[in-house]
Amino acid sequence: MTANKESISVLDIFKIGIGPSSSHTLGPWRAALRFLDTVKKYGVNEVISVRILLYGSLAKTGVGHGTDVAVILGICGEDPVTFDVNEVSPRIEQIKEQRKLILNGEKEIVFDPASDIVFLYDESLPYHPNALTFLCSFKDGREIAETFYSIGGGFVVKEGEENGADLKELQFPIEKAEDLLHWCLKTGLSISEVVMENEHSWRDEAETKRIVLNIWQAMRDCIYRGAHIGGELPGGLGVTRRAQALNKKLLKGRTYNTYEEWVNAIRAGGGSFQYIIDWVSCFALAVNEENASFGRVVTAPTNGAAGVVPAVLQYFITFCDGNDKDKITKFLLTASEIGSIFKKGATLSAAMGGCQAEIGVSSSMAAAALTESMGGSVRQCLMAAEIAMEHHLGLTCDPVGGLVQVPCIERNTMGAIKAITASQLALQSNPDNALVSLDDVVNTMWETAIDMNHKYKETAEGGLALQLPISLSEC
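Residues numbered from 1 in each chain as written. Predicted model: local features only at pLDDT ≥ 70, side-chain atom pairs only at ≥ 80, totals over all residues. Heavy atoms only, no water.

Q: Now, about the packing of aromatic side chains: what can you tell me, with residues and values included?
A: Within the structure shown, the criterion is met by 17 aromatic pairs. An angle of 15° between the planes, with centres 4.9 Å apart, marks the rings of Phe35 and Phe134 as stacked. Here the residue Phe35 occupies a position in helix α2 (residues 22–42), and Phe134 occupies one in strand β6 (residues 130–138), the gap between them amounting to 99 residues. For the pair formed by Phe35 and Phe134, the shared burial category is buried. Ring centres 6.3 Å apart and planes at 90° place the aromatic pair Tyr275 and Phe319 in the edge-to-face group. Note that Tyr275 is positioned in helix α13 (residues 273–292) and Phe319 in helix α14 (residues 308–319), a separation of 44 residues in sequence. (Phe/Tyr/Trp six-rings, centres within 6.5 Å; stacked < 30°, edge-to-face > 60°. Helix = DSSP H or I, 4+ residues; strand = E, 2+ residues; numbered from the N terminus. Buried < 20%, exposed > 50% of the residue type's maximum accessible area, 1.4 Å probe, protein only.)

Take a look at the structure:
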């Protein structure tokens, strides 16, 4: 069992960035920015060359996940939070054609992606399958090298700092679900209230609320945008985007011009079981189709699982009268704490734990958050989180063609539906009678991850990735 003692903020779990993968895109991008910090100390204008080595899972599914794109934009000094997603392809094509880039936006250097990004398919570093090394040469002959590990959810660890996690003094220190339950029962606070108290270690309450609502704004925009864009997803699989057609079919001609009017148009369609389920699927599809198209998404806790929490929150807002800023904030605070418990006790990385580490965790997060939002007790929230993960255990990560499309996008719809079902079941149950705790499931998930064959861990070498007659160069 892992023992990852660290202080994790809601802003660590929910990060705004660009798809398609938090571990293969956002993580390497952030690693590149950290590497630039070192380069700056030596002098950006003294650099003559940069090379990047990708190991293990980053090599095997790197092109499909946009790892090469991420590291290029990263060493250019671009910010994944603010970089215009419409400029991703044009910028990369320009660099490929000219075989040059502007390092940190300051110094033009020769850089040919075909030779300066090396995919080491058969090499893997021991600490984590998602590893990359930056090599840099300077005019005076000096050379530096730094290795980073993208450990899931956009989290990055530099080699030599594996045990140097950020440890802030929190009012309510939490490593396990048992600790969370202890503080809630002792103080009478809800999960979201305990989390808010801990967030004071980073910033005041007003600032936390502002930032969390900005996170929801990014999620909301992603849902709305994804529900109104058709065509095929990039990458060569020929996958048709479905959210737009489903959105149009369900609305049956009802018109709108804004997000708010769209939500009202959805509500006007009624509240039948089938209608609601179709919309939950539409919300999740919209997000992950955007993610697969290098759109702006929020890790929740990863990009590959970015659709589950937003879909369930959008369901709550649309069909459960949850369109209230405080309710939205509390939903995301609760969800983040469940995600942090899984990160500390297991992993958020599909390359380490399979898809249970992404879809399973996101479903667990959403289930607990929805349960609190619907008036459930702390025990019922933890029960919902346990139920949601219990039925994702053993879920492998087998992206066809190394792309976050098949079966990844549909899995978000299933994760969202499972989260809602888990919440409903917990709300109708007595947690005192539960035989399995959330901590039991976290432990089991990690044990399952350890035992899982490596080919089922985001390598595109097993499962559905081998069943479909598709061959892409990156795999």
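This is not the end of the story, as more comes after the structure.
Q: Could you give an account of the environment of Glu161, naming the residues involved and the relevant values?
A: Assignment of secondary structure puts Glu161 in the loop between β8 (155–158) and α8 (177–187). In this structure the side chain of Glu161 is engaged in a polar contact, spanning 3.0 Å, whose partner is the side chain of Arg34. (Polar contact = N/O pair within 3.5 Å; in protein donor to acceptor, adjacent residues only side chain to side chain.)

Q: Talk me through the layout of surface pockets; I want residue IDs and the actual numbers.
A: As a volume, the second largest pocket reaches approximately 590 Å³. Looking at the second largest pocket, it is lined by 28 residues, and the ones nearest its centre are Val88, Ser89, Pro234, Ser293 and Phe294. When residues of the lining of the second largest pocket are traced back to their parent elements, those giving at least two are α4 (62–65), α5 (67–75), α6 (88–98) and α13. Per-element tally for the lining of the second largest pocket: the top contributor is α6, with six residues. Split by residue class, the lining of the second largest pocket holds 13 nonpolar, eight polar and seven charged. (1 Å grid on protein atoms, 1.4 Å probe; cavity = no way out; pocket = protein on both sides within 12 Å on 5 of 7 lines; lining within 4 Å. Points joined across faces, edges and corners; volume = space filled by probe spheres on them. Nonpolar A, V, L, I, M, F, W, Y, C, P; charged D, E, K, R; others polar.)

Q: Kindly report on empty space enclosed by the protein, identifying the contributing residues and their values.
A: Inspection of the entire model under this criterion finds two cavities of 30 Å³ or more. The calculated volume of the largest cavity comes to roughly 80 Å³. Around the largest cavity, the lining residues are Pro20, Ser21, Ser22, His65, Gly304, Cys355, Glu358, Ile359, Cys397, Val404, Cys408 and Glu458. Residue classes in the lining of the largest cavity are distributed as six nonpolar, four polar and two charged. Lining the second largest cavity, in full, are Ile8, Leu170, Phe172, Ile174, Val195, Asn198, Glu199, Trp202, Glu337, Ser340 and Lys344. For the lining of the second largest cavity, the secondary-structure elements that each account for two or more residues are α9 (191–199) and α15 (325–345). Residues of the lining of the second largest cavity, tallied by class, amount to six nonpolar, two polar and three charged.

Q: Give me unusual backbone geometry: which residues, what numbers.
A: Between Gly19 and the following residue, Pro20, the backbone shows a cis peptide bond with an omega angle of 10°. Note that Pro20 resides in the loop between β1 (16–18) and α2. Between Ala300 and Pro301 the backbone carries a cis peptide bond, its omega angle lying at 5°. Summarising the element assignment, Pro301 is placed in the loop between β9 (296–298) and α14. You will see that Lys252, though not glycine, has its phi angle at about 50°, which is positive. For Glu458, which is not glycine, the phi torsion reads 60° and is therefore positive. Here Glu458 is to be found in the loop between α20 (438–451) and α21 (464–467). When its relative accessible area of 3% is taken as the criterion, Glu458 is described as buried.

Q: Mind laying out helix α18 (residues 378–390), listing which residues take part and the relevant values?
A: For α18, which comprises 13 residues, the first-to-last C-alpha distance of 18 Å matches the rise-based estimate of 18 Å (1.5 Å per residue) to within 8%. Of all the 13 residues making up α18, eleven are buried; the element is thus mostly covered by neighbouring parts of the structure. Within α18, the full set of buried residues consists of Val378, Gln380, Cys381, Leu382, Met383, Ala384, Ala385, Glu386, Ile387, Ala388 and Met389. Buried-residue contacts for α18 involve α8, α9, α15, α17 (359–373), α19 (408–427) and α20. (Expected span 1.5 Å × (residues − 1). Contact = heavy atoms within 4.5 Å.)

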